[in-house]
Amino acid sequence: MALLGRLVAILSVSLAACAGQRPLEFADIIGQREPFSPRLSPDGSWVAFLVRQASLPENASKVSLWLVAPGSPARRLLEAASIGSLEWMPGGSALTASLPRPGKAALWLIPLNGDGPRPLFEHPTRPMSYSWSPDGSKLLFVTAEEPPADQRDRIDREGVAYDETVHGIRSFTQRNWISPGAQRLWLWRRGGKAGGAH
């Protein structure tokens, strides 16, 4: 966790230096890098973390995956429109994450050597959360049912979905969230398909 503290301190110093040279502008705030989701490797020697950075001219944001070890510079492994559900493989040989790629890959395997991500297994719905078995042979994950057609239309139209009966007021601070539908627990074994139960 000391590494994460150092990263936040470096980003804070960068902001302070920028603000000391000229007045802080809206674009400065939007363009700041936001580190999140730090994950310590199983042996404690590496920290994988995500960095979100928005671009005002492009009206979009990107998320990048970084890897750092004490005494070494951080290196970027991957950049995408979004990266979610970041976890280490047991043994620390690779990372897994949910990526916005075509197809039905539920999770992607991300090698530490910088090679491109490879689909781990296919599933019609991306996991909300997951956990590896200690030997890495099995994966337990949770999915939520797709929202009904009228709610999907609302998401497309408004860019955000909400449930006023649950949340009371609209919140536009979250990314396209919905009140979760029925959840399902699945078990995937290497070399097989995922099987689940309610």
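Residues numbered from 1 in each chain as written. Predicted model: local features only at pLDDT ≥ 70, side-chain atom pairs only at ≥ 80, totals over all residues. Heavy atoms only, no water.

Draft legend 1. The overall build of the chain, seen in detail. Helix and strand counts for the chain come out as four helices and 12 strands. Across the 198 residues that make up the chain, the buried fraction comes to 33%. Here the chain has roughly 12,000 Å² of accessible surface; of this, 55% comes from carbon and sulfur atoms. (Helix = DSSP H or I, 4+ residues; strand = E, 2+ residues; numbered from the N terminus. Buried < 20%, exposed > 50% of the residue type's maximum accessible area, 1.4 Å probe, protein only. Areas by Shrake-Rupley, 256 points an atom, 1.4 Å probe, with all protein chains shown as cover.)

Draft legend 2. A look at the sheet that holds strand β7 (residues 105-111). Across the sheet, which stays open at both edges, the four strands sit in the order β5-β6-β7-β8 with antiparallel pairing between neighbours. In the strand order of this sheet, the two ends are held by β5 (84-88) and β8 (118-122), each with one partner. Going from strand to strand, the sheet's axes swing by 25 degrees on average, the running direction of each strand aside. (Pairing = 2+ DSSP bridges. Axes fitted to C-alpha atoms, helices over the stretch in contact; angles between N-to-C directions.)

Draft legend 3. Examining the packing of aromatic side chains more closely. Throughout the structure, instances matching the rule amount to four aromatic pairs. Consider the rings of F121 and F141, whose centres lie 5.3 Å apart with planes at 45 degrees: the pair is tilted. Of this pair, F121 sits in strand β8 while F141 sits in strand β10 (residues 138-144); the two residues are 20 residues apart in sequence, bridging distant segments of the chain. Each of the two residues, F121 as well as F141, counts as buried. Connected via pairs of aromatic rings, a cluster forms that spans F121, W132, F141, W186 and W188. In this structure, R52 packs its charged tip against the face of F36, placed 4.3 Å from the ring centre. Here the basic side chain of R101 rests over the ring of W108, its NZ or CZ set 5.5 Å away from the ring centre. (Phe/Tyr/Trp six-rings, centres within 6.5 Å; stacked < 30°, edge-to-face > 60°. Lys NZ or Arg CZ within 6 Å of the ring centre and 35° of its normal.)

Draft legend 4. Broad picture of the confidence of the model for the chain. Residues at a pLDDT of 70 or more form 71% of the chain, whose mean pLDDT is 78. Element-level pLDDT for the chain is lowest in helix α4 (residues 164-167), with a mean of 45, against a maximum mean of 93 in strand β6 (residues 94-98). Overall, residues 163-178 carries pLDDT values under 50, and its contacts beyond four positions in sequence, including any with other chains, amount to 23 contacts. (pLDDT = per-residue confidence, 0-100. Contact = heavy atoms within 4.5 Å.)

Draft legend 5. Spotlight on the pattern of salt bridges. Counting across every chain of the model gives four salt bridges. Note that E87 and R39 form a salt bridge whose closest N and O atoms lie 3.5 Å from each other. Here E87 is found in strand β5, whereas its partner R39 is found in strand β1 (residues 33-40), with 48 residues between them in sequence. According to the relative accessible area criterion, E87 is partly exposed, its value standing at 27%. On the basis of relative accessible area, R39 is assigned to the partly exposed category, the value being 26%. Close ionic contact of R76 with E79 constitutes a salt bridge, the shortest N to O distance being 3.0 Å. A relative accessible area of 38% means that E79 is categorised as partly exposed. (Salt bridge = Lys/Arg side-chain N within 4 Å of Asp/Glu carboxyl O.)

Draft legend 6. Representation of the sheet that holds strand β2 (residues 47-55). Taken together, the four strands give an open sheet; going across it, the order is β1-β2-β3-β4, and neighbouring strands pair in antiparallel fashion. Here the strands that pair on one side only, and so sit at the sheet edges, are β1 and β4 (75-80). For this sheet, the mean angle separating the axes of adjacent strands, direction not counted, is 25 degrees. Alignment of β2 against strand β3 (residues 60-68), held across nine bridges, turns out to be antiparallel.

Draft legend 7. Molecular detail of the pairing of strand β9 (residues 129-132). Along β9, the buried face is formed by Y130 and W132; none of S129 and S131, which line the opposite face, is buried. Pairing geometry for β9 and β10, over four bridges, is antiparallel. When the sheet's bridge partners are listed, W132 is paired in β10 with L139.

Draft legend 8. Expanded view of the pairing of β7. Among the seven residues of β7, seven are classified as buried, and the element is accordingly described as predominantly covered. Looking at chain direction, β6 and β7 are connected through four bridges and run antiparallel. Note that in β7 the partner of A94 across the bridge is P111. From the end of β6 to the start of β7, which pair antiparallel, there are six residues, and G103 there has a positive phi angle of about 100 degrees. Pairing of β7 with β8 involves four bridges; the strand directions are antiparallel.

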